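Examination of the molecular architecture
Residue-level listing of the chains:
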Amino acid sequence: PSVHAYMQRSQPDIAMVCQALGQALGMAHRDLAPLSRSVPPAIPWILHLFIPGPAEFVWGHPHMRWLLEHLPNRWHWQSLLKQLRHQWRPQTLMHGDLKWDNSVLYRSAFGPKVCLIDWELAGWGDPAWDLACLVQELCTSLQQKEQNTLVNSIHILWSSYCAATRFSWQLLEKIRRRIYAHVAVRLLQAVLEEVKSFGPSAECVQRTLHLANML
């Protein structure tokens, strides 16, 4: 099943999923890094949200435009996106749209593994973005559970990723420092995708927007 389908079960093994996801992403970043400079650079459209560029399509949709025009802390979001564009560090082949629907669980001789699929948005990019996508999924899904569950899940994901990449401690520390700001932006992207489907007053939209503003 996809990770999303598995996590909908009554008692999913969250630790197993995080360990498998971290390992899969770490191996992908490590093994595909030599290909990075042979593919086009990639930067998520959401980072261009308030400037001319790839995000201009957002302003053409009435629900998304309304949300942005009434976005709480809009000045802060503009400042954060500018800062992240400046701090963007292309270092490996980035999946670009990593989420649980794009992750498939399978059994192997070495235990449960994850296969990452749907690489159509891949490009030479910042590994912190892919990690932030997975942390965002955890934050969205586990925000109703105990905080310790969320913290432990993120720790397992990060530890498994570090072990799989074999990157230097200095590089991993720089990546880690960039992750959480990207998580907030990824949540804002999720808000825009939800409002397009459900409208600005939908409960899921308001819940995700509240979490994004908190981060």
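I will try to describe carefully the structure that is included in this document. Please read these numbers as outputs of a predicted model, since none were measured by experiment.

1. Some words on the pairing of strand β2 (residues 103-108)
Direction of pairing for β2 relative to strand β3 (residues 111-116): antiparallel, over a ladder of six bridges. When the bridges of β3 are listed, Ser103 appears paired with Leu116. Connecting the antiparallel pair β2 and β3 is a turn made up of two residues.

2. Considerations on the environment of Leu80
Mapped onto the elements of the fold, Leu80 is located in helix α4 (residues 74-87). The spatial distance from the C-alpha of Leu80 to the C-alpha of Ala184 is 9.6 Å, given a sequence separation of 104 residues.

3. A few points about helix α5 (residues 127-142)
For α5, which comprises 16 residues, the first-to-last C-alpha distance of 23 Å matches the rise-based estimate of 22 Å (1.5 Å per residue) to within 8%. Among the 16 residues that make up α5, 14 are buried, leaving the element largely enclosed by the rest of the structure.

4. Some remarks on the packing of α5 against helix α7 (residues 169-198)
The relative placement of two packed helices is expressed as an angle between their axes plus a distance between the axes. The contact between α5 and α7 brings their axes to 7 Å, and the two run at 60°. Between α5 and α7, the angle is such that the two are oblique. Note that α5 runs across α7; the crossing there is right-handed. Contact residues: Pro127, Ala128, Trp129, Leu131, Ala132, Cys133, Val135, Gln136, Cys139 and Thr140 in α5; Ile175, Arg178, Ile179, Tyr180, His182, Val183, Val185, Arg186, Leu187, Gln189 and Ala190 in α7. Residue composition of the contact of α5 with α7, grouped by class: 15 nonpolar, four polar and two charged.

5. Observations regarding unusual backbone geometry
Glycine aside, negative phi is the norm for most residues, and most peptide bonds take the trans geometry. One non-glycine residue, Asn73, lies in positive phi territory at about 60°. Mapped onto the elements, Asn73 comes out in the loop between α3 (62-69) and α4. Asn73 gets classed as partly exposed once you look at its relative accessible area, which sits at 48%. Located in the positive-phi region is Arg166, a residue other than glycine, with phi close to 65°.

6. Digging into the layout of surface pockets
Empty space among the atoms can be located by rolling a probe the size of a water molecule over them. Roughly 400 Å³ of internal volume is contained in the largest pocket. What lines the largest pocket is a set of 15 residues, and nearest its centre among them are His4, Asp101, Gln136, Glu137 and Glu194. Breaking the lining of the largest pocket down by element, the ones donating at least two residues are α5 and α7. By residue class, the composition of the lining of the largest pocket is two nonpolar, six polar and seven charged.

Scoring rules and cut-offs
Residues numbered from 1 in each chain as written. Predicted model: local features only at pLDDT ≥ 70, side-chain atom pairs only at ≥ 80, totals over all residues. Heavy atoms only, no water. Pairing = 2+ DSSP bridges. Helix = DSSP H or I, 4+ residues; strand = E, 2+ residues; numbered from the N terminus. Expected span 1.5 Å × (residues − 1). Buried < 20%, exposed > 50% of the residue type's maximum accessible area, 1.4 Å probe, protein only. Axes fitted to C-alpha atoms, helices over the stretch in contact; angles between N-to-C directions. Parallel < 35°, antiparallel > 145°, perpendicular 65-115°, else oblique. Left-handed = near helix turned anticlockwise from the far one by under 90°. Contact = heavy atoms within 4.5 Å. Nonpolar A, V, L, I, M, F, W, Y, C, P; charged D, E, K, R; others polar. 1 Å grid on protein atoms, 1.4 Å probe; cavity = no way out; pocket = protein on both sides within 12 Å on 5 of 7 lines; lining within 4 Å. Points joined across faces, edges and corners; volume = space filled by probe spheres on them.

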